[in-house]
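Chains, contacts and geometry: an overview
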Amino acid sequence: MRIKEAVFSGSSLRVDRRPLPRLPEFAFIGRSNVGKSSLINLLAGYGNLAKTSSTPGKTQLVNHFLINGEWYLVDLPGYGYAKVSKKSQESIKRIVWDYISNSDEMMLLFVLLDARHELQKIDEDFIYMLGEEGIPFSIVFTKCDKLSSGKLALQSSNVKGKLLEQWEELPPVFYSSAHSRTGREEILDYIDSIFKTIKH
């Protein structure tokens, strides 16, 4: 897929206040500081489309970016940042699950995992809930350039093994790095394959 245009279309707190028109949506989520904004900028081909921040927990709205005038790339608030107040954590959780559960246009949710770390319980619980709710998703390992190929293979194998304790099989898994541009074409091609099934 070639991205010719990526435009910020608006932010919302509730799914019924998303930008118009309603179009297919591909959403991205992960723990705070997982590299979500960097990945979105990589995919869109724009250096500052999604605002990156050194302060985790910065994104607290659902942000929509219109791609090629045909579909939305959706940036969801990060979860699991302990320094955000309990009230803010609950608010973010409501915003996220309102969108995930009620957006009829969301075709797929990409769950981002930092390739450098073992599977965190908050990620495991979140992915489990997606299964319980029947939400279609894929997994993206981020910051893969930070590990050697051998360490990355071992680490991702451990994470997938942990998930397979609860799942019969895993959805598609992608490996990405905003620094080395790894994974961009694979993820965009996967989005394109889903988008084409919608149009036909």
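This report concerns the structure included in the present document. (Residues numbered from 1 in each chain as written. Predicted model: local features only at pLDDT ≥ 70, side-chain atom pairs only at ≥ 80, totals over all residues. Heavy atoms only, no water.)

Per the secondary structure count, the protein chain includes five helices and seven strands. Counting helices and strands in the order they occur from the N terminus, the protein chain gives β-β-α-β-β-α-β-α-β-α-β-α. Looking at the protein chain residue by residue over its 200 residues, the buried ones come to 50%. Contacts spanning at least 24 positions in sequence make up 75% of the contacts within the protein chain whose residues lie at least 6 apart. (Helix = DSSP H or I, 4+ residues; strand = E, 2+ residues; numbered from the N terminus. Buried < 20%, exposed > 50% of the residue type's maximum accessible area, 1.4 Å probe, protein only. Contact = heavy atoms within 4.5 Å.)

So, on to the pattern of salt bridges. The tally for this structure, following the rule as stated, stands at eleven salt bridges. Here Asp 125 and Lys 121 are joined by a salt bridge, their closest N and O atoms 2.7 Å apart. A residue pair is termed a helical-turn pair when its members lie 3 or 4 positions apart in one helix, as Asp 125 and Lys 121 do in helix 3 (residues 121-133) at four residues. A single salt-bridge network, built from bridges that share partners, covers Arg 18, Glu 25 and Glu 105. (Salt bridge = Lys/Arg side-chain N within 4 Å of Asp/Glu carboxyl O.)

The next subject is the pairing of strand 6 (residues 137-142). Most of strand 6 sits out of view: six of its six residues are buried. Taking every second residue as pointing to the same face, both faces of strand 6 are buried, with Phe 137, Ile 139 and Phe 141 on one and Ser 138, Val 140 and Thr 142 on the other. For strand 5 (residues 106-114) and strand 6, the ladder comprises six bridges, and the chain directions are parallel. Across the sheet, Phe 110 pairs through a bridge with Ser 138, a residue of strand 6. Pairing analysis gives three bridges linking strand 6 to strand 7 (residues 173-175), with the strands arranged parallel. Each bridged residue has a counterpart across the sheet, and for Ile 139 the counterpart in strand 7 is Val 173. On the question of chirality, the crossover connecting strand 6 to the parallel strand 7 by way of helix 4 (residues 149-163) is right-handed. (Pairing = 2+ DSSP bridges. Right-handed = clockwise from strand over helix to strand, strands pointing away.)

Residue Pro 21 is bonded to the preceding Leu 20 through a cis peptide linkage, with omega at -5°. Residue position: Pro 21 is located in the loop between strand 1 (6-12) and strand 2 (25-30). The phi angle at Asn 33 is positive, at roughly 70°, despite the residue not being glycine. Here Asn 33 is to be found in the loop between strand 2 and helix 1 (36-44). Residue class for Asn 33 comes out partly exposed when judged on its relative accessible area of 48%. Here Arg 181, not a glycine, exhibits a phi torsion of approximately 65°, which is positive. Turning to its location among the elements, Arg 181 is positioned in the loop between strand 7 and helix 5 (184-199).

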